[in-house]
Every structure is written in structure tokens, then in C-alpha cells.
Amino acid sequence: MELKQEIERRRTFAIISHPDAGKTTLTEKLLLFGGAIHVAGAVKSNKIKRGATSDFMEIERQRGISVATSVMGFEYGDVKINILDTPGHEDFAEDTYRTLTAVDSVIIVIDGAKGVETQTRKLMEVCRMRNTPVMVFVNKLDRPCKDPFDLLDEIERELKIQVRPLAWPISTGPTFKGVYDLYADRLSLFFAEDRQTAEGQTLDIKLDDPAIDEYINPFTQHLRDDLELVEGVYPPFELDSYRKGEVAPVFFGSALNNFGVRELLDCFVRIAPSPGKSHTLQRDVSPYEEKLTGFVFKIHANMDPNHR
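Residues numbered from 1 in each chain as written. Predicted model: local features only at pLDDT ≥ 70, side-chain atom pairs only at ≥ 80, totals over all residues. Heavy atoms only, no water.

1. A closer look at empty space enclosed by the protein
Summed over all chains, the structure comprises two cavities of 30 Å³ or more. Of the volumes computed, that of the second largest cavity is approximately 40 Å³. For the second largest cavity, the full set of lining residues is Asp181, Tyr183, Ala184, Arg186, Glu263, Asp266, Cys267 and Arg270. Here the lining of the second largest cavity takes four residues from helix α11 (residues 261-271), the largest share from any one element. Split by residue class, the lining of the second largest cavity holds three nonpolar, no polar and five charged. (1 Å grid on protein atoms, 1.4 Å probe; cavity = no way out; pocket = protein on both sides within 12 Å on 5 of 7 lines; lining within 4 Å. Points joined across faces, edges and corners; volume = space filled by probe spheres on them. Helix = DSSP H or I, 4+ residues; strand = E, 2+ residues; numbered from the N terminus. Nonpolar A, V, L, I, M, F, W, Y, C, P; charged D, E, K, R; others polar.)

2. What about the nonpolar core?
Membership of the largest hydrophobic core comes to 48 residues, with the highest contact counts inside it found for Leu100, Val106 and Phe252. Filtering out sequence-adjacent residues up to four positions away, Phe252 remains in contact with Phe137, Val138, Leu141, Pro148, Leu151, Leu152, Ala167, Trp168, Pro169, Val179, Phe259 and Gly260. Residues Ala21, Val79, Val109 and Ala167 belong to the second largest nonpolar core, which totals 33 residues. (Core = buried A, V, L, I, M, F, W, Y, C linked by side-chain atoms within 4.5 Å. Buried < 20%, exposed > 50% of the residue type's maximum accessible area, 1.4 Å probe, protein only. Contact = heavy atoms within 4.5 Å.)

3. Some remarks on helix α7 (residues 148-159)
For α7, built from twelve residues, the straight-helix expectation of 16 Å at 1.5 Å per residue is met to within 8% by its first-to-last C-alpha distance of 16 Å. Residues of α7 that are buried: Pro148, Phe149, Leu151, Leu152, Glu154, Ile155 and Leu159. Its side-chain oxygen at 3.0 Å from the backbone nitrogen of Phe149, Asp147 defines the N-terminal cap of α7. Trailing α7 by a residue or two, Lys160 shows a phi angle of about 55°, which is positive. (Expected span 1.5 Å × (residues − 1). Polar contact = N/O pair within 3.5 Å; in protein donor to acceptor, adjacent residues only side chain to side chain.)

4. Remarks on the side chain of His18
Summarising the element assignment, His18 is placed in the loop between β1 (10-17) and α2 (23-34). Polar side-chain contacts of His18 include one of 3.1 Å to the backbone nitrogen of Gln119.

5. Focus on the environment of Lys146
Positionally, Lys146 belongs in the loop between β5 (134-139) and α7. On the accessibility criterion, Lys146 (30% relative accessible area) is partly exposed. It is 7.6 Å that separates the C-alpha atoms of Lys146 and Gly115, two residues lying 31 residues apart in sequence. When residues no more than four places from it in sequence are discounted, the contact partners of Lys146 are Gly112, Ala113, Lys114, Gly115, Leu151 and Glu154.

6. Notes on the packing of aromatic side chains
Evaluation of the coordinates by the stated rule reveals six aromatic pairs. Centroid distance Trp168 to Phe252: 5.4 Å. Interplanar angle 65°. Geometry classified as edge-to-face. With Trp168 in strand β7 (residues 167-170) and Phe252 in strand β11 (residues 247-252), this residue pair connects regions lying 84 residues apart in the sequence. Accessibility assignment for this pair places Trp168 and Phe252 in one class, buried. With a centroid separation of 6.4 Å and an interplanar angle of 80°, the aromatic rings of Tyr183 and Phe237 are classed as edge-to-face. With Tyr183 in the loop between β8 (178-181) and β9 (186-191) and Phe237 in the loop between α9 (220-233) and α10 (239-243), this residue pair connects regions lying 54 residues apart in the sequence. One aromatic cluster in this structure is built from Phe149, Trp168 and Phe252. (Phe/Tyr/Trp six-rings, centres within 6.5 Å; stacked < 30°, edge-to-face > 60°.)

The structure is reproduced here in C-alpha cells:
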């Protein structure tokens, strides 16, 4: 494959959040859909092949948090995806700040019940300084959450960025049914007895199909009303605005239960940027230069030989 094609098929991004928003769980489910792992829990138990390792240091196992950035790669269709799973805890924020200089885009994970939290604001400031394209995944919709419109207002106010929902939740908490994919214009419900795997039947059905009542009743009319309001309030999604870091596409779901993750991933591979020019003090560095260039953002000492 030619260098240009190889560069253009790459998507390198970081997942950032406040601690306990579900960042590592989302990372795991993206790896699950990408085929890098085959059962949920492998990320934390280390039953995972080399190149897809997260949360492996002793302090991370003890405290249940990500401390050092882990780089995980997998193929999804004809796209090569590199995920940088970053620390959420503020004690280790420096590692995250360095990582954000090495990525082409970012996914921010927000707890649907807690909304935007302190560390999320700080990390967004770094993204804004670099005009890094940002996507937002509102997580934990399987628990009682804030109203989706209130959450969107909070994201715009606290993160100082315009938002555009590209998915919409059908209820929250115990009655959470799934999400409507606005980008692909279809309802996606994940049917699987074991939601720890990516197997199961995904139902795709349009909003105007009468059969939709069979799956999301009694929330059908509420969903239609919400989506009509979304289309009336928010401008159409523009790819350029997203890639300039001016607009953040927003997705809703439950990473733990696999709801909304595939919609996020399918949209991400279509709209997220491939490697572009890196701005340095001396000059702009192009990914298409003949000489090898790179940015060292992480050095490990005293690693477990199994993770080298």
C-alpha cells in the first residue's frame, strides 16, 4: 500500500474523561467491536493480546484507575484505529496532556448522571488550545440520568463548544431501550443475552416505520417529539466545523451494556481526521514527508516483560 493511502486510513485518537465516567469501559467495548478482544473484562484482567493493553500497572489494578497512557490498535473495516487510553485522575494529568499532542482527535466521555466534571473541563481546554476535533459520548444511560437536552446545554456552557447530537437515547435508567442513530437515520437495538461480547442481532429500523412501536413502546411518540426538537434547535452537522474543533458531535449510550458504542464507532471512522500537519516552534511537520518524523509522548521504565 502506498504511503499516502496508509496515512489516510489511520485514525489516532485519545479517550479522555473525569475519573469513573466509564472511559476504560468504552475503550474495552471499542476493542470488542474491532475484534481486538473477544470478551469484556479482558482489558482489566490482561487476557488480551499484545498491542491492545490497558490498565496493566500494579497501581492501576490497586486503585482501579488508568495511570499511564496505553496505546491499543485494531483494524475496523479498511481503517486502522489507534486508541490512546489516558489517565482520568488529576494526579496523573501530565501524561494525558502529553498524549493530547500526539493524537488527531479526541472522544470525551461524560457520566450522564453527573454531567461535566472538573477534570473534563481542564482536558477540554487543552483540546481547544490545539483545535483538536472532539466527539462526546454521554455514558451510563442505563442508570437514571439528567435530561438529554439539559446535558447538551451543560456541555456547551461548561466546555465552551457548540454541540450537535448524532444519536439520541430512548429513555434512561431501568427503561432505557437503546439509541436512535441520527447520523445513519435508524434505530439500533442491541440484542444479546451476553453483553460481554460483540455478538448478537442488531435491529435497524427507521423512525417512520410503524413496526418501531413493537420495540420501543411506549416511548415512540416521545422519541419523535425529541428528534423534531433536535432538528429544529441544532444546525445540520458540518464535517468541516467538527474537524476545525468548532462543533462536537454528541452520542449517547451505555458502554457497559454495548448500547450506542457501535453507532459511535461507525460514525467515528467516517468523519474523524487522518494524520495532518503537526505545528511545532520550528515549522509545520507533514505526515507525507519522506524522512521519518514522530513525537515521543511516553517512556516506560521497569515494565512487566509481558507488556513490552
